[in-house]
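A closer look at the structure
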Amino acid sequence: MPVKPAPKKEEPAKKEEAKPVAAAEVAAAPKKAEKGKHEKKHRVEKGVHAMYKREGDKVSRARPTCERCGPGYFTADHHDRYTCGHCGFTRYKPK
Ligand SMILES: [Zn+2]
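All of these numbers come straight from a predicted model, not from anything done at the bench.

Our next topic: the pattern of salt bridges. Taken as a whole and judged by the stated rule, the model has three salt bridges. A salt bridge links Asp 77 to Lys 93; the nearest nitrogen and oxygen atoms lie 2.6 Å apart. You can see Asp 77 sitting in strand S4 (residues 70-77) and its partner Lys 93 sitting in the segment after strand S6 (90-92), a full 16 residues away along the chain. For Asp 77, a relative accessible area of 42% gives the class partly exposed. Classification of Lys 93 by relative accessible area gives partly exposed; the value is 26%.

Attention now goes to the packing of aromatic side chains. Applying the stated criterion across every chain, the model contains one aromatic pair. Cation over ring: Lys 93 sits above Tyr 82, and NZ or CZ is 4.9 Å from the ring centre.

With that settled, consider the confidence of the model for the protein chain. For the protein chain, the mean per-residue pLDDT works out to 77, and 61% of the residues sit at or above 70. Looking at the elements of the protein chain, mean pLDDT is at its lowest for helix H1 (residues 23-27), recorded as 53, and at its highest for strand S5 (residues 81-84), recorded as 95.

Mapping Thr 75 onto the fold places it in strand S4. Beyond its immediate stretch of four places on either side in the chain, Thr 75 contacts Arg 63, Pro 64, Thr 65, Cys 66, Tyr 82, Thr 83 and Cys 84.

Looking now at the coordination of the zinc ion. The zinc ion binds to the protein through Cys 66 (SG), Cys 69 (SG), Cys 84 (SG) and Cys 87 (SG), with metal-donor distances spanning 2.2 to 2.3 Å. When the donors of the zinc ion are listed by position in the chain, the intervening gaps give C-x2-C-x14-C-x2-C.

Taken in spatial order, the four strands make up an open sheet running S3-S4-S5-S6, and their pairing is antiparallel. Edge positions in the open sheet fall to strand S3 (65-66) and S6, since each of these has one partner strand only. Two strands pair when backbone bridges link them, and S5 and S6 are joined in this way by three bridges, in the antiparallel orientation. Bridge assignment links Arg 81 to a residue of S6, and that residue is Tyr 92.

Before going further, it helps to spend a moment on the side chain of Thr 83. With respect to the helices, strands and loops of the structure, Thr 83 is situated in strand S5. Assessed through its relative accessible area of 17%, Thr 83 is described here as buried.

Basis of the calculations
- Residues numbered from 1 in each chain as written.
- Predicted model: local features only at pLDDT ≥ 70, side-chain atom pairs only at ≥ 80, totals over all residues.
- Heavy atoms only, no water.
- Salt bridge = Lys/Arg side-chain N within 4 Å of Asp/Glu carboxyl O.
- Helix = DSSP H or I, 4+ residues; strand = E, 2+ residues; numbered from the N terminus.
- Buried < 20%, exposed > 50% of the residue type's maximum accessible area, 1.4 Å probe, protein only.
- Phe/Tyr/Trp six-rings, centres within 6.5 Å; stacked < 30°, edge-to-face > 60°.
- Lys NZ or Arg CZ within 6 Å of the ring centre and 35° of its normal.
- pLDDT = per-residue confidence, 0-100.
- Contact = heavy atoms within 4.5 Å.
- Donors = N, O, S within 2.8 Å, 3.2 Å for Na, K, Ca; no water.
- Pairing = 2+ DSSP bridges.

What follows is the structure in structure tokens.
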């Protein structure tokens, strides 16, 4: 009795299915918006005294005065420039 060779079963290679992104992972993403973001900032109101520095008995100006308006007009101290609020004169700080 001839032995028939068993037919080889060729299993088709299983295609790796792309794993669907778990919805839980997306939901677990850190939230950028925080509750404290919209809190009101309490600004300390500055008076004229903030424009001067006191060193012992002497008083010096904390900010430069406007070159266009002359003494009596202080310039606002921004992070990169001084600006006069009276005439708009702007002097950039040296880097
Ligand atoms: Zn000015």
